[in-house]
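Chains, contacts and geometry: an overview
Read off the chains here:
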Amino acid sequence: MPGIIERYRERLPFASGDPVISLQEGSTPLILAERLSEKAGVEVWLKIEGANPTGSFKDRGMTCAVSAAVREGAEAVICASTGNTAASAAAYAARAGLRGAVIVPEGKIATGKLAQALIHGARVVALRGNFDEALRLVRELVHRHPISLVNSVNDFRIEGQKTAAFEIVEDLAGELDALCIPVGNAGNITSYWKGFQEILPPTHQPRMCGFQAAGAAPLVHGKPVEHPETVASAIRIGNPARWEEAMDAMTSSGGTVKAVTDAEILAAYRLLASAEGVFCEPASAASVAGLLTHGAGEGVRRVVCVLTGHGLKDPQTALEHAGAVVPCDPELSAIERAVLR
Ligand code: AN7
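Parameters at a glance
Residues numbered from 1 in each chain as written. Predicted model: local features only at pLDDT ≥ 70, side-chain atom pairs only at ≥ 80, totals over all residues. Heavy atoms only, no water. Helix = DSSP H or I, 4+ residues; strand = E, 2+ residues; numbered from the N terminus. Rg over C-alpha atoms; globule rule 2.2 N^0.38 Å. Buried < 20%, exposed > 50% of the residue type's maximum accessible area, 1.4 Å probe, protein only. Contact = heavy atoms within 4.5 Å. Pairing = 2+ DSSP bridges. Core = buried A, V, L, I, M, F, W, Y, C linked by side-chain atoms within 4.5 Å. Axes fitted to C-alpha atoms, helices over the stretch in contact; angles between N-to-C directions. Parallel < 35°, antiparallel > 145°, perpendicular 65-115°, else oblique. Left-handed = near helix turned anticlockwise from the far one by under 90°. Nonpolar A, V, L, I, M, F, W, Y, C, P; charged D, E, K, R; others polar. Arc of directions from axis to C-beta. Near = heavy atom within 4 Å. Polar contact = N/O pair within 3.5 Å; in protein donor to acceptor, adjacent residues only side chain to side chain. Areas by Shrake-Rupley, 256 points an atom, 1.4 Å probe, with all protein chains shown as cover.

**Details of the overall build of the protein chain**
When helices and strands are counted, the protein chain shows 15 helices and ten strands. Radius of gyration (C-alpha) of the protein chain: 20 Å, near the 20 Å computed for a compact globule of 341 residues. With the C-alpha coordinates aligned to their principal axes, the bounding extent of the protein chain is approximately 65 × 50 × 40 Å. Per-residue burial for the protein chain yields a buried fraction of 56% across its 341 residues. For the protein chain, long-range pairs separated by at least 24 residues make up 71% of all intrachain contacts whose partners lie at least 6 apart in sequence.

Below is the structure:
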């Protein structure tokens, strides 16, 4: 499969001669989750966005944002990030031959994401502050310097990410009742809603069910959270940039925004890994935690849960919440005991 710009060019703001910076993102698996379906009492499909080139859905938006930056003659890109945007921006900047800078909250991003941003050669700045402060500062910075901002406040990000909705509609022949999705800075839910509206008739729109971590749930409370906290570091965000659009998506579609606790997130995270063979990162599991805790609404038969990022992004959390390794002496009897016990 080609990348998303080539696959969906007629629905994206790119002409045929425009530069395309791609890692062949998109075209990710949509898999039926039978055990989860049984538990949830609805048919559950998982959109595996961790299968994108850098391991998260951000690549769909980043191919567009970085291609547009190249078209505009930018020499550098920058973002504030809880980790995945940083990894993706760093990779696409490297591929484009642009300089990249990423501002992350110090000590609060998962190890894999940090490794990615560094190995791709981005300037990684650890801010002694949270994501919301980082985003505010980079927005000021790009007013003063000719650097392209590739956070989801950039409309090209939304355009790229809406293609995930196109893929789901194609794979399910337009038949889905609800979408469950984690919400952080609220760019992705905005993107899916835009995508669904562009290709499905108004009478066939799925309910948009957004889920936030309980310690970082500004949309649920209706006001910014000054000190957001959650094990799901990707969505540790207290003042989402796409606040209005996200609320519009959920209200116009008859959906909801609800909170899930860290314990509910971790339970869903382990369940996906152990009962479905799908390893996603904690923030992604918020979609499934939300479905299991709150449901997706009356009369809903078929649900898609968006698993936004790969579990290997955050090995530390996996190790902390999984079983222990079994030590063993190099003897047959010891091996027997260790394996069969
Ligand atoms: C795995 O990387 O905000 O609601 O800076 O990495 O569109 O913000 C990441 C967000 C869900 C929330 N799942 O999406 C960043 C960043 C994962 C994420 C979200 C993020 P938005």
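**Observations regarding the sheet that holds strand S4 (residues 99–105)**
With parallel pairing, the four strands of this open sheet are ordered in space as S5-S4-S3-S6. Of all the strands in the sheet, just strand S5 (123–127) and strand S6 (148–149) have a single pairing partner and so form its edges. In the sheet, S4 pairs with S5 via five bridges, with the strands oriented parallel. Each residue of the ladder has a partner; that of alanine 101, found in S5, is arginine 123.

**Regarding the nonpolar core**
Counting 34 residues, the largest nonpolar core has Leu46 and Val303 as the members making the most contacts within it. When residues of this core are traced back to their parent elements, those giving at least two are strand S2 (43–48), strand S7 (178–182), strand S8 (207–213), helix H12 (262–276), helix H13 (282–294) and strand S10 (302–307). Among the elements that take part in this core, H13 stands out by supplying six residues, more than any other. With sequence-adjacent residues up to four places away left out, leucine 46 is seen in contact with Pro29, Leu30, Ile31, Ala33, Leu36, Leu272, Val278, Val288, Cys305 and Leu307. Within the second largest apolar cluster, 30 residues are counted, among which are Tyr8, Met62, Val66 and Val104.

**Comments concerning unusual backbone geometry**
In this structure, glutamine 24 takes a positive phi of about 60 degrees despite not being glycine. Tracing the backbone shows glutamine 24 in the loop between helix H1 (4–7) and strand S1 (30–32). Among the residues examined, glutamine 24 registers a relative accessible area of 56% and is labelled exposed. The phi angle at serine 27 is positive, at roughly 50 degrees, despite the residue not being glycine. As for its position among the elements, serine 27 is in the loop between H1 and S1.

**A few points about the packing of helix H4 (residues 84–96) against helix H5 (residues 111–119)**
At a closest axis distance of 8 Å, the pairing of H4 and H5 adopts a crossing angle of 25 degrees. Viewed along their axes, H4 and H5 adopt a mutual orientation that is roughly parallel. Classified by chirality, the crossing of H5 by H4 is left-handed. Facing Asn84, Ala86, Ala87 and Ala90 of H4, the residues of H5 in contact are Lys113, Gln116 and Ala117. Among the residues making up the contact of H4 with H5, the classes are represented as four nonpolar, two polar and one charged.

**Considerations on helix H11 (residues 243–252)**
The set of residues buried in H11 consists of Trp243, Ala246, Ala249 and Met250. In an axial view of H11, the angular spread of the buried residues amounts to 130 degrees, which keeps them on one side of the axis. Turned more than 90 degrees away from the buried face of H11 sit Glu244 and Thr251, all of them exposed. Those residues of H11 hidden inside the fold are in contact with helix H9 (187–199), S8, helix H10 (218–221) and strand S9 (256–260). In the segment just after H11, glycine 254 is the residue with positive phi, at about 75 degrees.

**Comments concerning the packing of H9 against H11**
Relative to each other, H9 and H11 sit at 50 degrees, their axes nearing to 8 Å. Comparing their axes, H11 and H9 come out oblique. H9 and H11 meet at a crossing whose hand is left-handed. Mapping the contact onto sequence places Ile189, Thr190 and Trp193 in H9 and Glu245, Ala246, Asp248, Ala249, Met250 and Ser252 in H11. Per-class residue counts for the contact of H9 with H11 are five nonpolar, two polar and two charged.

**Things to note about the site of the ligand**
Taken together, the neighbourhood of the ligand is formed by 24 residues, with Asn84, Thr85, Asn185, Asn188 and Thr308 sitting nearest. Serine 81 is positioned with one of its side-chain polar atoms (N or O) 3.0 Å from an oxygen atom of the ligand. One of the backbone N or O atoms of asparagine 188 is found 2.7 Å from an oxygen atom in the ligand. Expressed as a share of its isolated accessible area of 480 Å², the protein-covered part of the ligand is 99%. Counting residues per element, the ones that place at least two in the shell around the ligand are H4, H9 and H13. By residue class, the composition of the shell around the ligand is ten nonpolar, twelve polar and two charged.

**Some thoughts on the sheet that holds S1**
Read across the open sheet, the six strands follow the order S1-S2-S10-S7-S8-S9; overall the sheet is mixed. Every interior strand has two partners, whereas the edge strands, S1 and S9, have only one. Each strand of the sheet is rotated relative to its neighbour by a mean of 25 degrees, with strand direction disregarded. As paired elements, S1 and S2 share three bridges and run antiparallel to each other. Each bridged residue has a counterpart across the sheet, and for leucine 32 the counterpart in S2 is tryptophan 45. Against the sheet, H13 makes contact with S2, S7, S8, S9 and S10, and its axis sits at roughly 150 degrees relative to S10, the strand it touches most.

Just geometry here; none of it tells us what the structure is for.
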